[in-house]
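The chain contents come next:
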There are 2 protein chains.
Amino acid sequence: MSNCLVAQSGGPTAVINASLAGVIRANQLNPVYDRVFGGIHGIEGVLDGSLYDLTDLSGRDIDILKQTPSSALGTCRYKLKRGDDKDYKRLVEVMDEHGIDAMFYIGGNDSMDTVDALSEWAQANGISKRFIGIPKTVDNDLVPVDHCPGFPSAAKVAIEITHATYLDYAAYTRPEVFILETMGRDAGWLAASCCVSGDVDLLVLPEVDFDAKAFLNQVQKKMALKGECYIVVSEGAHYADGTYIAAGKAANDGFSHAVLGGAGQALKQIILDSGIAPRGVVQDLSRAARSSNFAQSLVDVTEAFELGMSAHMRSADPSFTGKVVGIRRASADGAYNAEFFAGPASEFANAVRNFPAEWILPDYQGVTEEALDYFRPLIEGEPKLVFEGGRPATLVPFNKR
Amino acid sequence: MSNCLVAQSGGPTAVINASLAGVIRANQLNPVYDRVFGGIHGIEGVLDGSLYDLTDLSGRDIDILKQTPSSALGTCRYKLKRGDDKDYKRLVEVMDEHGIDAMFYIGGNDSMDTVDALSEWAQANGISKRFIGIPKTVDNDLVPVDHCPGFPSAAKVAIEITHATYLDYAAYTRPEVFILETMGRDAGWLAASCCVSGDVDLLVLPEVDFDAKAFLNQVQKKMALKGECYIVVSEGAHYADGTYIAAGKAANDGFSHAVLGGAGQALKQIILDSGIAPRGVVQDLSRAARSSNFAQSLVDVTEAFELGMSAHMRSADPSFTGKVVGIRRASADGAYNAEFFAGPASEFANAVRNFPAEWILPDYQGVTEEALDYFRPLIEGEPKLVFEGGRPATLVPFNKR
């Protein structure tokens, strides 16, 4: 008997379950494994022996799983330590108990490091278990790929909400600034993507040290020129000394008010204190962007599903371990096309790919046309969702059953 | 020559333009008026003579207008004063200049008061101009109707984001509370609607004085019972003395941290200070809910469009003035059905309809089944949106042309 295990780790996305569905469906089309087990709460739950049999999920449930946001198996932030055998041995024990030969791990760069560490350890110890990575992250910051599943759908929601809130803001005559805050602690991909809407006047990224004086100068110019200023800020935006804007540097700079909360609230306070605008509105996208299933990108959900399929199919080769499947951008007759490849997990682990400096316009003016050309094809297409009672149907998470 | 004028006022919604589209389309089907003028920025722009000819909008533009959120004519918060003739006379002057006999005003209770004041003044002064109201408000707080256009779509977005963020939250194992904040300064309709998701553990409404001790007791119970607590709070939630939670009463109550920002951030601080949970996540729906066009309710957009049609059609009767068209709930064979009626504008003006006390469960436990039965039919159905480049297409706002 040869079984496989699939688990999810790190922050949820809108399409991480599509990759899970891909692994399950691939095994239904070609039963390389007798059973497909889901690990509950990632490696953490697997070490506890917490598994759920996914082998025979119905076609309808697979369709609904693809549109169910977040991690249907539950997630964890557990990082395996190199150099301490305990967890490794316990994992092999659990895998042996269930006849599991191969494990698929869907996650971000920490999880890809786990895949790397596990396959290295197994090979060094003459254990034939195999470990295969499937990437996901709304941060879009993995190194050797064109983009990461989860990011396009988060970008699509962010772009749609940018446009909707811009229209809301633009209906008024009163002098006021609008500030949208997105996720992105180290990399500004999500914030930058909002520029696809065409509505962003000023963009504040973590990739550029924040200079309050230069920024306020730009706000003033936009207000004078257009009577409005729509600002997007990434949660991780920071001053030159590394202090996050969100941490309330403004308060330390002699402004009158204490600043708590996120980068958006802090920017608002800086603008109000400067007297440039008497009012400001802040919209924090926070988790709504990464977990919304009502605005999935068809490109994203399809690619995430196919990555799951591809990982499963490649794993039929018994030498396939310590690898991650990823997406390169190819162009077919000038149109966007995704190309799937497999690379060593070590190349995917522990590095952060920032938003490219050459795509950032000076003075908070947004991004280049090249950047927009990168984003645009990723948000194309709308999956035909299954609705129930006016809401996109979802599966009950396996970790709640 | 007989023309009409249509304008928008107050806070935008996702379907206020569907009512505008209804007036325009009705006049194309039966040209009661030679021209349909749009007033830019509500009564404020109309007094400046700022009009836009909408008569011949194409079928495609009308379809896209129906899915364009916010106020495509721009909005204002200008309130006509009773007892000062100046604005009234100027308005009649502008209407005369453009041959306008009837004005449709799409707005909330302040705007319905404007309709009432204008028609009263016109009748008292022997002026044959007519004024007709079309309601809209995400707050759902107009008195003589079952519900207000704009509310169902905002509720649909709020419910979908509640479920998506609940799934995101539920994927983790760490002890943490989740707090979603919705709009609703005086009435808790939007916050209450989130309970349709089935995911809300505790609900904090403006209709019930906030008791921090009793509330924390409930948070503790949920955390002990389920290891999670998903909380929805309305921005207008307040203590018995009228102080908004958002205003930072916690800081005055001897807790250690200053509290700024919204009700959600304040609740989080109160919970962290109590030591019940070490972490809390806040998602502020703010304007994203009222202005999102990617999750319109088909019931809502259809009703908003038909209210515009109905107002135009009824206005063919030359005695029709000082009236507002509204929706009553009827049932056809047990299923939800909307019934259109016209009532005096005075009945729609200046009163707030709170979320009913008999629909509120004690101890922040949410709402009754009756309340859920009220909400459910309103969010049914998804309009077939026109997409361009992965985003729902929108018209360039007329106030920006």
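Residues numbered from 1 in each chain as written. Chains lettered and ligands numbered in written order. Predicted model: local features only at pLDDT ≥ 70, side-chain atom pairs only at ≥ 80, totals over all residues. Heavy atoms only, no water.

Taking an unreviewed UniProt entry as the reference, chain A is identified by name as Pyrophosphate--fructose 6-phosphate 1-phosphotransferase belonging to Slackia exigua. On record in UniProt, under Pathway (unreviewed entry), the comment for chain A is "Carbohydrate degradation; glycolysis; D-glyceraldehyde 3-phosphate and glycerone phosphate from D-glucose: step 3/4." Check the Subcellular location (unreviewed entry) section of the UniProt entry for chain A; it says "Cytoplasm". (UniProt positions renumbered as here; feature names shortened; annotations may be inferred.)

Chemist: Could you give an account of the UniProt feature "binding site: substrate" (unreviewed entry) in chain A, naming the residues involved and the relevant values?
Modeler: All names here are of chain A. Per the UniProt record, "binding site: substrate" (unreviewed entry) is found at Thr137, Val138, Asp139, Met183, Gly184, Arg185 and Glu235. Relative to the helices and strands, Gly184 resides in the loop between β6 (177–182) and α7 (189–193). We classify Gly184 as buried; its relative accessible area is 1%. Gly184 has contacts with Asp139, Pro206, Ser234, Glu235 and Gly236, leaving out every residue within four places of it along the chain. Turning to its location among the elements, Arg185 is positioned in the loop between β6 and α7. For Arg185, a relative accessible area of 38% puts it in the partly exposed group. Contacts of Arg185, omitting those with residues within four sequence positions, involve Pro206, Glu235, Gly236 and Tyr244. (Helix = DSSP H or I, 4+ residues; strand = E, 2+ residues; numbered from the N terminus. Buried < 20%, exposed > 50% of the residue type's maximum accessible area, 1.4 Å probe, protein only. Contact = heavy atoms within 4.5 Å.)

Chemist: How would you explain the packing of helix α8 (residues 212–226) of chain A against helix α10 (residues 263–274) of chain A if you had to name every residue and give the values?
Modeler: All names here are of chain A. Between α8 and α10, the least distance of the axes is 11 Å, while the angle of their chain directions is 70°. When the axes of α8 and α10 are compared, the pair comes out roughly perpendicular. Between α8 and α10, the contacting residues are Phe215, Leu216 and Val219 on the first element and Leu267, Ile270, Ile271 and Ser274 on the second. Looking at side-chain class alone, the contact of α8 with α10 contains six nonpolar, one polar and no charged residues. (Axes fitted to C-alpha atoms, helices over the stretch in contact; angles between N-to-C directions. Parallel < 35°, antiparallel > 145°, perpendicular 65-115°, else oblique. Nonpolar A, V, L, I, M, F, W, Y, C, P; charged D, E, K, R; others polar.)

Chemist: Account for the pattern of salt bridges, with residues named and values stated.
Modeler: All names here are of chain B. For the coordinates displayed, the defined rule picks out 47 salt bridges over all chains. One salt bridge in this structure joins Arg329 and Asp146, with 3.1 Å as the shortest N-O distance. Placement of Arg329 in strand β10 (residues 323–332) and of Asp146 in the loop between β5 (130–135) and α6 (151–170) is noted, with a sequence separation of 183 residues between them. (Salt bridge = Lys/Arg side-chain N within 4 Å of Asp/Glu carboxyl O.)

Chemist: I'd like to hear about the pairing of strand β4 (residues 100–107) of chain A, residue by residue, with values.
Modeler: All names here are of chain A. For β4, the tally of buried residues reaches seven of eight residues, placing the bulk of the element in the interior. Summarising the sheet, strand β1 (residues 3–8) and β4 pair through six bridges and their orientation is parallel. In the sheet register, Gln8 faces β4, and the bridge partner there is Ile106. In this structure, β4 lies alongside strand β5 (residues 130–135), joined through six bridges in parallel fashion. Bridge pairing in β5 places Tyr105 opposite Gly133. Considered for its hand, the β-α-β crossover made up of β4, helix α5 (residues 109–124) and β5 is right-handed. (Pairing = 2+ DSSP bridges. Right-handed = clockwise from strand over helix to strand, strands pointing away.)

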